[in-house]
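Here's the letter readout for the chains.
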Amino acid sequence: MKKNIILSFIFSIIEVISKTIIPIITGLIIDSLLENKFRNILNLILINVLLIIIASIYNYLLNVSAKMAAIEYSNEIKEKALKRLLKLKINVIEKYKSGLLASKIVNDVNNIHHGLITFLTHFIPGIVTLILTLIIMFFINFKITLIILLITPISVFITIYIAKQNKKLTDISNKEYNEMTSYIKEQIELKKYINVEKLENKKEQKINDLSEKYMKDESKALFYASISNPTTRLINGIITIIVVLYSSFEIMNGNMTIGIFSTFLIYANRYAKPLNEISQVINRLIISLTSYDSIKELINEEIEEFINSNDEIIGNIEFKNVSFSYNNDKEILKNINFKINNGEKIAIVGPTGSGKTTIIQLLLKFYNINSGSILIDGKNINDINTNILRDNIKVVLQDAHLNNENIKDVLKYSNDVSDKEIKDLLKRINIKPNFLGMNDKLENITSIDNLSNGQKQIISMIRAMLSNPKIVILDEATSDVDSLTEKNIESSINELTKGKTSIIIAHRLSTIISADKIIVIDNGKVLEEGTHKELINKNGLYKKIYESQF
């Protein structure tokens, strides 16, 4: 990338120098014609043609090197952003609305790409042209040049003011656009729910409100972007008039030839042109800088730290006086205490919102606790390598999110297993390949998208079994499975949890009656703990939940 940027600078300077010499030769041609010096004209024309060819060649090289630099840099920053995204903490990702991260990586990187091309092919040549033209104008006639320089700050001041206003409004409209895009994406995902609840008009009004707000601020930004060019053109027109009037008096007084006047007029226009072009490209650069700030914000977000260690997980878990809140306002868990011994099968039950899933998220180090400690085999979870921890904990969630790929590849995902091992496992748990959308050769007969949620949950269970973890977590893992199917896959669950530390979260208590220990949570606190029989005899919350289901 650096090589192409340096080449862009070199090509830009050569192109500008070639173009800058052309008006001098043009002035000499005009004076030669007026003085009937026809012998010099042909040589001067050939020099101009050569300069035009050189300028064209280096303009082509400039565009190629600038585009190559932009491609290399945008790919580099995209890769950096994607790598960072994969390491972001869950709480950081959750603060961005759905679709906003994708917008950052796709749209913002694209803006940076085009901004860098504009900077190298227009902004830099414009600055070089401005400096060289000014130097030559001073040599030709320093008086007119001084007058032009006195007017220039007005143009610069107006350009800077418009640029600042445009950037401020562009930042606002970009945020509003991302908010609107994110909201529309969410509504598309909830289309069925919206139709069932007849919320179409309400959602449409919300979209209209967001769109109207965005259009209002975007229109303001476009106004400032639009007036930049006409304003600088007006000032440039004034400069041209001044040059023509002053030069006319100089010619009448015999102090300037027609050729020099023509040369100076060309330079005056050339001096004005970079100012005009810079005012135009500043708007593009502002958008690019806004996008760069947006990407930089993402890259600087807090990531998960993967400390170096050679931890070996056995499977003992202990929560000691653990308290936690997502936003430091309302505590979700309040002084939680419990132990799970290696190989135990325990269940966590409680009303919706009691904090069951939060316990699992803390165990996976998705969030940092506010106080207390979580111990794995007697070691603080913060001192355990996150990769090793998650390699040894497998979670089967209520919503089985599986990529629409080859089902066999999904089963092998992060598992170094053979086809034979998959077939042996399916046979052991009494599940036929066609039930999971595969034939006997483990080739797809249907896509994952066409499988039911229950089938997807079973695939998630099988994938967890193939990884042979030390700790297994079933978070409402059979919620989308009917009672008959659930009975048929009991062997799958037993196989998955055999000899392993197992945590089961379930609303259907029939799935956890045989657990070694049941922990009852309500309002972020552990209320009861014991076996099914012990809890029934306590006549507490567990018994009420049990009796409501049976």
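Our structure's up above, just so we're on the same page.
Just so it is clear, the model here is predicted, and its values are computed rather than measured.

What counts and how
- Residues numbered from 1 in each chain as written.
- Predicted model: local features only at pLDDT ≥ 70, side-chain atom pairs only at ≥ 80, totals over all residues.
- Heavy atoms only, no water.
- Axes fitted to C-alpha atoms, helices over the stretch in contact; angles between N-to-C directions.
- Helix = DSSP H or I, 4+ residues; strand = E, 2+ residues; numbered from the N terminus.
- Parallel < 35°, antiparallel > 145°, perpendicular 65-115°, else oblique.
- Left-handed = near helix turned anticlockwise from the far one by under 90°.
- Contact = heavy atoms within 4.5 Å.
- Nonpolar A, V, L, I, M, F, W, Y, C, P; charged D, E, K, R; others polar.
- Buried < 20%, exposed > 50% of the residue type's maximum accessible area, 1.4 Å probe, protein only.
- Salt bridge = Lys/Arg side-chain N within 4 Å of Asp/Glu carboxyl O.
- Patch = residues over 30% accessible without salt bridge, like charges linked within 9 Å, V, L, I, M, F, W, Y side chains within 5 Å.
- Areas by Shrake-Rupley, 256 points an atom, 1.4 Å probe, with all protein chains shown as cover.
- Pairing = 2+ DSSP bridges.
- Expected span 1.5 Å × (residues − 1).
- Core = buried A, V, L, I, M, F, W, Y, C linked by side-chain atoms within 4.5 Å.

All right, on to the packing of helix H12 (residues 419-428) against helix H13 (residues 453-467) then. Two elements in contact, H12 and H13, have axes whose closest approach is 11 Å; the angle formed by their N-to-C orientations is 120 degrees. Relative to H13, the element H12 lies oblique. In this structure, the crossing between H12 and H13 has a hand that is right-handed. For the pair formed by H12 and H13, the contact residues are Glu421, Ile422, Leu425 and Leu426 on the first element and Ile462, Met465 and Leu466 on the second. In terms of residue class, the contact of H12 with H13 is made up of six nonpolar, no polar and one charged.

This paragraph deals with unusual backbone geometry. Its identity as a non-glycine residue notwithstanding, Asp377 has a phi of 55 degrees, on the positive side. Secondary-structure assignment places Asp377 in the loop between strand S4 (371-376) and strand S5 (379-380). Exposure remark for Asp377: the relative accessible area of 25% places this residue in the partly exposed category. Residues other than glycine seldom take positive phi values, yet Asn523 does so here, at roughly 55 degrees. Its place among the elements puts Asn523 in the loop between strand S9 (517-522) and strand S10 (525-530). Relative accessible area serves as the criterion here: at 46%, Asn523 is assigned to the partly exposed category.

Further remarks concern the pattern of salt bridges. Across all of its chains, the model carries three salt bridges by this definition. Between Asp424 and Lys420 there is a salt bridge whose closest N-O contact spans 3.0 Å. With a gap of four residues between them, Asp424 and Lys420 both fall in helix H12, about one helical turn apart. For Asp424, a relative accessible area of 34% translates into the label partly exposed. Among the residues examined, Lys420 registers a relative accessible area of 58% and is labelled exposed.

A cluster of nonpolar side chains, Ile45, Val49, Ile53 and Ile57, forms an exposed patch at the surface whose accessible area comes to about 320 Å². You can call Ile53 partly exposed: its relative accessible area is 45%.

Let's shift gears to the sheet that holds S9. The strand order S6-S7-S8-S3-S9-S10 describes an open sheet built from six strands, whose pairing is mixed. Looking at strand neighbours, the two that pair on one side only are strand S6 (393-396) and S10, the edges of this open sheet. The average angle at which neighbouring strand axes cross in this sheet is 20 degrees, direction not considered. In this sheet, S10 lies alongside S9 in antiparallel orientation, the contact comprising five bridges. Bridge pairing in S10 links Val520 to Glu528. Docked against the sheet, helix H9 (residues 356-363) engages strand S3 (345-349), S6, strand S7 (471-475), strand S8 (501-505) and S9, running at close to 145 degrees with respect to S8.

Take H13 next. With 15 residues, H13 extends 21 Å from end C-alpha to end C-alpha; this agrees with the ideal 21 Å at 1.5 Å per step. Burial analysis of H13 places 13 of its 15 residues in the buried class, the great majority of the element. Following H13 by one or two positions, Asn468 has its phi on the positive side, about 50 degrees.

Counting residues in hydrophobic clusters, the biggest one holds 40 residues, and the most contacted among them are Ile462, Ile512, Ile518 and Tyr542. With seven residues, the single largest contributor to this core is H13. Every residue in contact with Ile518, bar those within four places of it in the chain, is listed here: Ala347, Val349, Ile512, Glu528, Glu529, Gly530, Thr531, His532, Leu535 and Tyr542. Of all hydrophobic cores here, the second largest spans 30 residues; its members include Ile317, Phe338, Ile374 and Ile473.

Turning next to the environment of Glu344. Mapped onto the secondary structure, Glu344 falls in the loop between strand S2 (333-340) and S3. Between the alpha carbons of Glu344 and Ile503 there is a distance of 8.4 Å; along the sequence they are 159 residues apart. Once residues within four sequence positions are removed from consideration, Glu344 is found in contact with Lys339, Lys500, Thr501, Ser502, Asp516 and Lys517.

As summarised here, the arrangement of the four strands in space is S2-S1-S4-S5, forming an open sheet in which the pairing is antiparallel. A strand with exactly one partner marks an edge of an open sheet, and here the two such strands are S2 and S5. Seen against the sheet, H9 touches strand S1 (317-324), S2 and S4 and runs at an angle of roughly 110 degrees to S1.

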